[in-house]
Amino acid sequence: PQVAEAFNQALIEFGWPRCPGEIMLTNPLWRAPLAAFREQIRGWIYGHDADAAMHLAIFMDAAAVAGDAGLLHKARQFAFEILPGNDAFLARFAAAADQFEEPSVGWWARLTSPRARDELPFDLKKLGTFPIVHGVRALALQAQATPLSTTERLRVLVERHRIDADLARDLSETLHFMMGLKLKNNLAQRQAGRPVDNLVRMSSLSTLERDRLQDALGIIKRFRQHLQQHFKLGAL
């Protein structure tokens, strides 16, 4: 525990803030021998913990930066070994990509109404990047694809005929567009002395950006429908 706390303190001094969700070495959940991690993974997949899907998602995105990287590889391979046939868990895992509902005011109306552009913010994470990142993560988990980035996962999924190449291309372009909007918005928030968040107001977007956002939302909606059909989310 002392080593983990010293490590986290060093990160803070470097300018990396503490994780509000406690996804850090100081949390015993993320600091355990290989055998204990295997048991945790088994519990996440076959247990009834409400946070199991989130924990597995975090774990499957982990990358080794020091020490014996083979330990992480063995733990991840264990997850791949016990997952096949567990369609119920995969469906629950994938369902997180569809958890954030659009408000009653349609986005097409919000993009074209001057008043809506001024007053109603758009959440770039909940309705933009997250459905893509987690949906692709779910497909990659099912396909036992090992890349960690969304773009690389899409490439492997196309190679394995798990997703249409045109949809994969559109998703990759949409993700990068959303990330660019978030970066631009966060820089503007910092410059104005406001808290940094994922919310962007329509009035801050150019006509071209609003047009691209409208197209992006259509692609995300199509992908969510694909996930609903592929994982049979309507049966949950």
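Please read all numbers here as calculations on a predicted model, not as lab measurements.

**With respect to the overall build of the protein**
A tally of helices and strands in the protein yields 11 helices and 2 strands. Along the chain direction, N to C, the helices and strands of the protein fall in the order α-α-α-α-α-α-α-β-α-α-α-β-α. Structurally, the protein occupies a C-alpha span of about 55 × 45 × 30 Å along its principal axes. Intrachain contacts of the protein at a sequence separation of at least 6 include 63% that bridge at least 24 residues. For the protein, the accessible area works out to roughly 13,400 Å², and carbon and sulfur atoms hold 57% of it. Taken as two groups, the 29 positive and 26 negative side-chain charges of the protein have centres that lie 1 Å from each other.

**A short note on helix α5 (residues 87–95)**
When α5 is considered as a whole, its buried residues turn out to be F89, L90, A91, F93 and A94. Here the buried face of α5 lies against α2 (34–46), α3 (52–60) and α8 (125–143).

**A look at the packing of α8 against helix α11 (residues 207–230)**
Remark: α8 packs on α11, axes separated minimally by 10 Å, with the N-to-C direction vectors making an angle of 35 degrees. Relative to α11, α8 is oriented so that their crossing is left-handed. Mapping the contact onto sequence places L127, G128, P131, I132, G135, V136, L139 and Q142 in α8 and L217, I220, F223, R224, H226, L227 and H230 in α11. Along the lines of polarity and charge, the residues of the contact of α8 with α11 split into 9 nonpolar, 5 polar and 1 charged.

**Description of the packing of aromatic side chains**
The geometry of an aromatic ring pair is captured by the separation of the ring centres together with the interplanar angle, meaning the angle of the planes. Tallying each qualifying case throughout the model produces 4 aromatic pairs. Here the aromatic rings of W30 and W44 are separated by 5.8 Å at their centres, their planes lie at 45 degrees, and the arrangement is tilted. Taken as a pair, W30 in the loop between α1 (2–13) and α2 and W44 in helix α2 lie far apart in primary sequence, 14 residues in all. Of the aromatic side chains, those joined through ring pairs into one cluster are W30, F37, W44 and F59.

**Things to note about the pattern of salt bridges**
Enumeration according to the criterion identifies 11 salt bridges in this entry. Residue R42 pairs with E39 through a salt bridge whose shortest N-O separation is 3.9 Å. Of the two residues, R42 and E39 are both situated in helix α2; the distance of 3 residues between them amounts to about one turn of the helix. Here R42 falls in the partly exposed class, since its relative accessible area comes to 35%. A salt bridge links R155 to E152; its shortest N-O distance comes to 2.8 Å. Residue R155 and its partner E152 are located together in helix α9 (residues 150–159), separated by 3 residues, close to a single helical turn. Since its relative accessible area comes to 38%, R155 is described here as partly exposed.

Conventions adopted
- Think of each chain on its own: its residues are numbered from 1, step by step along the sequence as written.
- In keeping with the predicted nature of the model, local features appear solely for residues at pLDDT of at least 70, side-chain atom pairs appear and are counted solely at 80 or more, and the whole-chain, interface and lining totals rest on all residues.
- As a rule here, side-chain values come from all non-hydrogen atoms in the structure, and water together with hydrogens is ignored.
- Each helix corresponds to a stretch of at least 4 residues labelled H or I by DSSP, and each strand to a stretch of at least 2 residues labelled E; elements are numbered beginning at the N terminus.
- In this analysis, two residues are considered to be in contact whenever any of their non-hydrogen atoms come within 4.5 Å of each other.
- Areas reported as accessible are Shrake-Rupley estimates using a 1.4 Å probe. Residue values count occlusion only from the protein chains shown.
- In this count, Lys and Arg are taken as positive residues and Asp and Glu as negative ones, while His and the chain termini are left out.
- For this purpose, a charge sits on NZ of Lys, CZ of Arg, CG of Asp or CD of Glu.
- Classification of residues uses two cut-offs on accessible area relative to the type maximum, computed with a 1.4 Å probe and protein chains only: under 20% is buried, over 50% is exposed, and between them is partly exposed.
- For helices, the fitted axis covers only the stretch in contact; all axes are lines through C-alpha atoms, and the angles between them, taken along N-to-C directions, range from 0 to 180 degrees.
- In this scheme the crossing of two helices becomes right-handed for a clockwise turn of the near helix relative to the far one and left-handed for an anticlockwise turn of less than a right angle.
- Amino acids are sorted into nonpolar (Ala, Val, Leu, Ile, Met, Phe, Trp, Tyr, Cys and Pro), charged (Asp, Glu, Lys and Arg) and polar (every other residue, Gly among them).
- When two rings of Phe, Tyr or Trp (its six-membered ring) have centres within 6.5 Å they constitute a pair, described as stacked for plane angles under 30 degrees, edge-to-face for angles over 60, and tilted for the intermediate range.
- In the sections that follow, a salt bridge refers to a side-chain nitrogen of Lys or Arg positioned within 4 Å of a carboxyl oxygen of Asp or Glu.

From the geometry alone we can't say anything about function, so treat these as descriptive.
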